[in-house]
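One-letter residues, chain by chain:
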Amino acid sequence: MRVLIVAPSDRGVRDHKLFWGYDYIRQIESVPAANPYPTYPLSLPLLGAMTKHHIPDAHVVLIDENVDQVPAEADFDVAAISATTFVAPRVYELAGLLKSHGVREVVVGGVHATHFLEEVQKCAWVDRIILGRADGGRTWFKVLDDIREGRRNRVYGGAVCGPSSFFTDCPPAFGLLKLDGYMYRNLQISRGCPYACTFCVDRCTPEAVKPREVVFREVEALRAAEGDNHRSLFFVDNLLDRSEPLLHAIMDILSNLPRASGADNRWTGQASWDVAGKEDFLTVAATSGARALLIGFESLSIKALRRIGKARRLPPSVETNIQLKAFCRQVISRVQSYGIEVVPSFMMGIPGDDSSPDDLIDFVEDTGVCTPHITIWTPLPGTPDFDGLRKGDGLLYMNPNGVPLYDWSKFDFSTPVCRDNASEVEANYWRVLQSVYERKKALRRVHRFVSMVERLPAIKRSPGEAVSSALLAMNFNDMAYSPGVRNKKPP
Ligand code: B12
Ligand code: SF4
């Protein structure tokens, strides 16, 4: 069986300004042309490994359209396409294209298929749709068997997640990726999230951690596949600072990660604001090579946090916007004091947000965070925010008669898609972005962070490591300060 597995390009997204998208990265002067994209989608090597495991003589080709092209002569029995929402239009285009090339079966899975079946099943070119995880319940094996044996079935419901639902029989097929095309190497230790943010598709999903020997085998497989082209790791886990006892399993894995000689053994990951109180975790993170932790603060307004279901996770003493600012500042300085850079995430335009754009600008300056990740609140299918707005006719860019049902190219996280106050939100957004990423200010923050790391007594970090953290920060800075941002005229 000849199997093509594709992650569609994000290039169709309006104005090419998808934060961390292809065209953003292409504009960064410090990123060599050979590395045009941050990281590969982990679903590709995972599906590749599962296919080879289940059908050892299968010919498997992985294409991430952000670094490669779908072969013109697409002579495949099966094309499997991974769909996130912002690339959905390209998913449908590819499905038609591949069918016209004679591909027998087009299969679509991924987060958009899972949460917006209503739309995906309207596309006539799509033969089979997979909901949920390909590895959970080993749904992908069932799909391959049905195709091989000619059984018709359009929709497969994958199990969401459970402790045993990782595919652990063999590591992801990293060797089938063009690893040279990426700046970081994705790996996953755990999945799921117990929290209930109303804008997130991963809310309230059961948590699971891979056994440590599985993670170590994956690191080794990755290092073998990349050869001399070492890059640092990016852990895609929603939150590394999980609740007990999963936290201990993760700390054990991080402390003992195989360290290849000559490789860049540092890593970046995601955590919650609770991490500030987890000293053991921070110590393990710092000593095992953490460069940065991405933390979702989302807003400096209590009302906005209430609206998105995050306020209930604040300590009871945090009741006003002033207290919230102080709390966020404390979290950041705690993590920074371990020599770890914080990439805080904020969303503007959440209904009820009563903080001002200047609050955010001042906060970035105060905390000295090098690379704030600032986007516009963008409700996506599968979330209560999307359902609520859709029901109340509050969403812009509907496309009532076609596929896709919305113009997803506008859902780029820098365009307001909510009808209320759209032009005000957009004007404020660009003002904040241009202010915090003004070249001199951004470099001053990087310099502050490097000097702070160099002065740290407790953590044994060489100046070289501080500089490397700063370079990472500058990469992100460049990214956000790309001409797309600099030359954008606020409406
Ligand atoms: C790592 C990551 C990134 C990385 C790498 C992106 C990439 N190219 O893969 C970076 C940092 C670059 C990134 C950027 C962005 N990301 Co991101 N990211 C993630 C994250 C944390 C992990 C994804 C991952 O690797 N998971 C592990 C793999 C193994 O699981 P998976 O992808 O879910 O695949 C499983 C199933 O979905 C299914 N499946 C997937 N594809 C297919 C295909 C077939 C045929 C089948 C059968 C099954 C199947 O089976 C897989 C295995 O079980 C997810 C959140 C999450 N926890 O999943 C968000 C997530 C994918 N990102 C998201 C967003 C919004 C973004 C940004 C727009 C953020 C921004 N504001 O800029 C950008 C967009 C850039 C881009 N073009 O991708 C959203 C997407 C929501 C949506 N509805 O589309 C998510 C879900 C976060 C969230 N909770 O809302 N991201
Ligand atoms: S945004 Fe983060 S903390 Fe909130 S539900 Fe999603 S994964 Fe969990």
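The model shown is predicted, which means the values in this text are computed figures rather than measured ones. (Residues numbered from 1 in each chain as written. Chains lettered and ligands numbered in written order. Predicted model: local features only at pLDDT ≥ 70, side-chain atom pairs only at ≥ 80, totals over all residues.)

## Quick word on the overall build of the protein chain
Now for step 1: Check the secondary structure of the protein chain and you find 17 helices and 14 strands.
Now for step 2: Within the protein chain, buried positions represent 46% of all 491 residues.
Now for step 3: Sequence-distant contacts in the protein chain: of pairs separated by 6 or more residues, those separated by 24 or more amount to 77%. (Helix = DSSP H or I, 4+ residues; strand = E, 2+ residues; numbered from the N terminus. Buried ≥ 20, exposed ≤ 12 C-beta atoms within 10 Å, placed from the backbone. Contact = placed C-beta atoms within 7 Å.)

## Points about the packing of helix α8 (residues 246-255) against helix α9 (residues 279-288)
Between two packed helices, both the angle of their axes relative to each other and the distance between the axes serve to describe the pair.
Now for step 1: As a packed pair, α8 and α9 sit with axes 9 Å apart at the nearest point and diverge in direction by 20 degrees. It follows from the interaxial angle that α8 and α9 lie roughly parallel. Crossing hand, α8 versus α9: left-handed. Here L247, M251, L254 and S255 of α8 lie close against α9, whose contacting residues are D280, F281, V284, A285 and S288.
Now for step 2: Counted by class, the contact of α8 with α9 contains six nonpolar, two polar and one charged residues. (Axes fitted to C-alpha atoms, helices over the stretch in contact; angles between N-to-C directions. Parallel < 35°, antiparallel > 145°, perpendicular 65-115°, else oblique. Left-handed = near helix turned anticlockwise from the far one by under 90°. Nonpolar A, V, L, I, M, F, W, Y, C, P; charged D, E, K, R; others polar.)

## Examining the site of ligand 1
Now for step 1: The immediate surroundings of ligand 1 are formed by 38 residues, with P41, S82, G109, G110 and R133 found nearest.
Now for step 2: For the shell around ligand 1, the elements supplying multiple residues, two or more each, are α2 (43-54), β3 (78-82), β4 (105-109) and α4 (111-115).
Now for step 3: Among the elements that take part in the shell around ligand 1, α2 stands out by supplying three residues, more than any other.
Now for step 4: Residues of the shell around ligand 1, tallied by class, amount to 20 nonpolar, 14 polar and four charged. (Near = placed C-beta within 6 Å.)

## Some remarks on the site of ligand 2
Now for step 1: Taken together, C193, Y195, C197, C200, D202, R203, N238, S272 and G296 form the complete shell of residues around ligand 2.
Now for step 2: Counted by class, the shell around ligand 2 contains four nonpolar, three polar and two charged residues.

## Some points on the environment of D127
Now for step 1: Relative to the assigned elements, D127 resides in the loop between α5 (117-120) and β5 (128-131).
Now for step 2: Taking the C-alpha atoms as reference points, D127 and R152, 25 residues apart in sequence, are found 8.9 Å from one another.
Now for step 3: Setting aside residues up to four positions removed in sequence, D127 forms contacts with E105, V106 and V107.

## Digging into the sheet that holds strand β2 (residues 59-64)
Now for step 1: The strand order across the open sheet built from six strands is β2-β1-β3-β4-β5-β6, with neighbouring strands paired in parallel fashion. Both outer strands of the open sheet, β2 and β6 (155-157), are each paired with one neighbouring strand and no more. On average, each strand axis in the sheet is inclined to that of its neighbour by 20 degrees, with strand direction left out of account.
Now for step 2: Of the strand pairs in this sheet, strand β1 (residues 2-7) and β2 are connected by six bridges, and their pairing is parallel. (Pairing = 2+ DSSP bridges.)

## Topic: helix α7 (residues 212-226)
Now for step 1: With 15 residues, α7 ought to run about 21 Å at 1.5 Å a step, and its terminal C-alpha atoms sit 21 Å apart, in line with that.
Now for step 2: Contacts made by the buried residues of α7 are with β7 (185-187) and α8.
Now for step 3: Within two residues after α7, G227 carries a phi angle of roughly 60 degrees, on the positive side. (Expected span 1.5 Å × (residues − 1).)

## Quick word on the pairing of β1
Now for step 1: Within β1, five of the six residues are buried, which leaves it mostly tucked inside the rest of the structure.
Now for step 2: Note that β1 and β3 share four bridges and pair parallel. From the neighbouring strand, V3 faces β3, where its bridge partner is V78.

## Concerning the environment of D252
Now for step 1: On the secondary structure map, D252 appears in helix α8.
Now for step 2: Residues D252 and R212, 40 residues apart in the sequence, show an inter-C-alpha distance of 7.9 Å.

## As for the packing of helix α12 (residues 357-367) against helix α14 (residues 422-436)
Now for step 1: Interhelical geometry of α12 versus α14 gives an angle of 20 degrees and a closest axis separation of 10 Å. If you check the angle between α12 and α14, you find them roughly parallel. Between α12 and α14 lies a crossing of right-handed hand. Judged by residue contacts, P357, L360, I361 and V364 of α12 engage N428, R431, V432, S435 and V436 from α14.
Now for step 2: Along the lines of polarity and charge, the residues of the contact of α12 with α14 split into six nonpolar, two polar and one charged.

## Some points on the sheet that holds strand β10 (residues 233-235)
Now for step 1: The strand order across the open sheet formed by six strands is β7-β10-β11-β12-β13-β14, and the pairing between neighbours is parallel. Looking at which strands have only one partner, the edges of the open sheet turn out to be β7 and β14 (373-376). Direction aside, the axes of adjacent strands within the sheet are offset by 20 degrees on average.
Now for step 2: Where β7 lies against β10, three bridges are found, and the strand directions are parallel. Its bridge partner lying in β10, R185 is registered against L233.
Now for step 3: Contacting β12 (290-298) and β13 (341-348), helix α11 (residues 321-336) crosses the sheet at an angle of about 155 degrees to β13.

## Comments concerning unusual backbone geometry
Now for step 1: Here E244 and P245 are connected by a cis peptide whose omega angle stands at -10 degrees.
Now for step 2: Following the sequence through the fold, P245 ends up in the loop between β10 and α8.
Now for step 3: Omega for the bond connecting V403 with P404 falls within 30 degrees of zero, at 0 degrees, which places this linkage in the cis form.
Now for step 4: Checked against the element boundaries, P404 lands in the loop between α13 (384-391) and α14.
Now for step 5: Here R138, not a glycine, exhibits a phi torsion of approximately 55 degrees, which is positive.
Now for step 6: Within the fold, R138 resides in the loop between β5 and α6 (139-148).
Now for step 7: The partly exposed category is assigned to R138, around which 18 C-beta atoms lie within 10 Å.
Now for step 8: Its identity is not glycine, yet C204 carries a phi of approximately 55 degrees, on the positive side.
Now for step 9: With respect to the helices, strands and loops of the structure, C204 is situated in the loop between β8 (190-193) and β9 (205-209).

## Some points on the environment of V436
Now for step 1: Position of V436 among the secondary structure elements: in helix α14.
Now for step 2: Those residues in contact with V436 that sit more than four places away from it in its chain are I361, V364, P372 and K441.

Read these as layout, nothing more, since geometry by itself doesn't imply function.
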